[in-house]
Amino acid sequence: MDGQSGDISVTSANRKCSAVTGSARKIKDNAADWHNLMMRWEKLNDEGFTVATNIVNMRRSQTDPPLLVDESSSSPSSSSDQTSGASELQNECCKLQDIINKMVVMVTKMERLVTSQQGIQDLEEFQFGPEGRPFPLFHSWNTEQFGLASSSLLNSFTQELKLKQLILQELAHTSNSDLCMVYLSCWLHQPFIPPQTRMTLEALLMETGHRPL
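Owing to the predicted nature of the structure, the values given are computational and were not obtained by experimental measurement.

Enquirer: So what about helix α6 (residues 195-207)? Which residues, and what values?
Expert: Between its first and last C-alpha, α6 extends 18 Å over 13 residues, near the 18 Å set by a 1.5 Å rise per residue. Regarding α6, the residues found buried are Thr197, Arg198, Thr200, Leu201, Glu202, Leu204, Leu205 and Glu207. Just downstream of α6, Gly209 is the residue with a positive phi angle, here 90°.

Structure, rendered in structure tokens:
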């Protein structure tokens, strides 16, 4: 996901300047949270790709057979090298697991944003009836549209997280070089987070005033 980076801050100062309160304030805060979580996800994705590449390279160095095997040249040092290599591989796998654990936390936070948005929608239906608020909170979106955008974003990242968890399970145990490259490509390009996901975020930010129209 390419685009503008940097966290969008939600502070007492910009709360005062925006003069937005109630449901609108909460939706605007949620939009900033979506932006910040997605930017942090991208950073973790880059870190994870570096670690995954290390795992593939280590795995290939361990599985590629030497051109000539001389049994008389085998020594305790070669066994020690294998042990050291296995330890380094395990360390890289632990690093990738840690990155995915952080991604799990981020998806959990995204789920809370969707729950928060649903709560806002339920409140407005209680206040204004099944049709909801008769006028938009910002420019043109109604409350339901904010909910649909949030749910769409959550679905993308939930599916991508499942893919990354699968890659973690398979990467260190796959000896097929071509399959390893497929895993790396999937990790880097994130097929479940297409450009449309970024467009959804940008639309959310523009609608709530975080981006100029």
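Enquirer: Describe the packing of helix α4 (residues 143-171) against α6, listing the residues and the values that go with them.
Expert: When two helices pack together, their arrangement is captured by the angle between the axes and the distance separating the axes. Following both chains from N to C, one finds α4 and α6 inclined at 150°, their axes separated by 10 Å at the closest point. In this structure, α4 crosses over α6, and the sense of that crossing is left-handed. Contacts between α4 and α6 involve Phe146, Ala149, Leu153, Ser156 and Phe157 on the former and, on the latter, Thr197, Thr200, Leu201, Leu204 and Glu207. Split into classes, the residues belonging to the contact of α4 with α6 amount to six nonpolar, three polar and one charged.

Enquirer: Can you tell me about the pattern of salt bridges, naming the residues and giving the values?
Expert: Following the criterion strictly, the structure yields six salt bridges and no others. Salt-bridge contacts for Glu92 lead to Lys95; the nearest nitrogen and oxygen are separated by 3.1 Å. In this pair, Glu92 and Lys95 are both assigned in helix α3 (residues 76-128), three residues apart and thus about one turn of the helix distant. By relative accessible area, which is 7% here, Glu92 ends up buried. Glu202 is the salt-bridge partner of Arg198, the closest N and O atoms lying 2.8 Å from each other.

Thresholds applied
- Residues numbered from 1 in each chain as written.
- Predicted model: local features only at pLDDT ≥ 70, side-chain atom pairs only at ≥ 80, totals over all residues.
- Heavy atoms only, no water.
- Helix = DSSP H or I, 4+ residues; strand = E, 2+ residues; numbered from the N terminus.
- Expected span 1.5 Å × (residues − 1).
- Buried < 20%, exposed > 50% of the residue type's maximum accessible area, 1.4 Å probe, protein only.
- Axes fitted to C-alpha atoms, helices over the stretch in contact; angles between N-to-C directions.
- Left-handed = near helix turned anticlockwise from the far one by under 90°.
- Contact = heavy atoms within 4.5 Å.
- Nonpolar A, V, L, I, M, F, W, Y, C, P; charged D, E, K, R; others polar.
- Salt bridge = Lys/Arg side-chain N within 4 Å of Asp/Glu carboxyl O.

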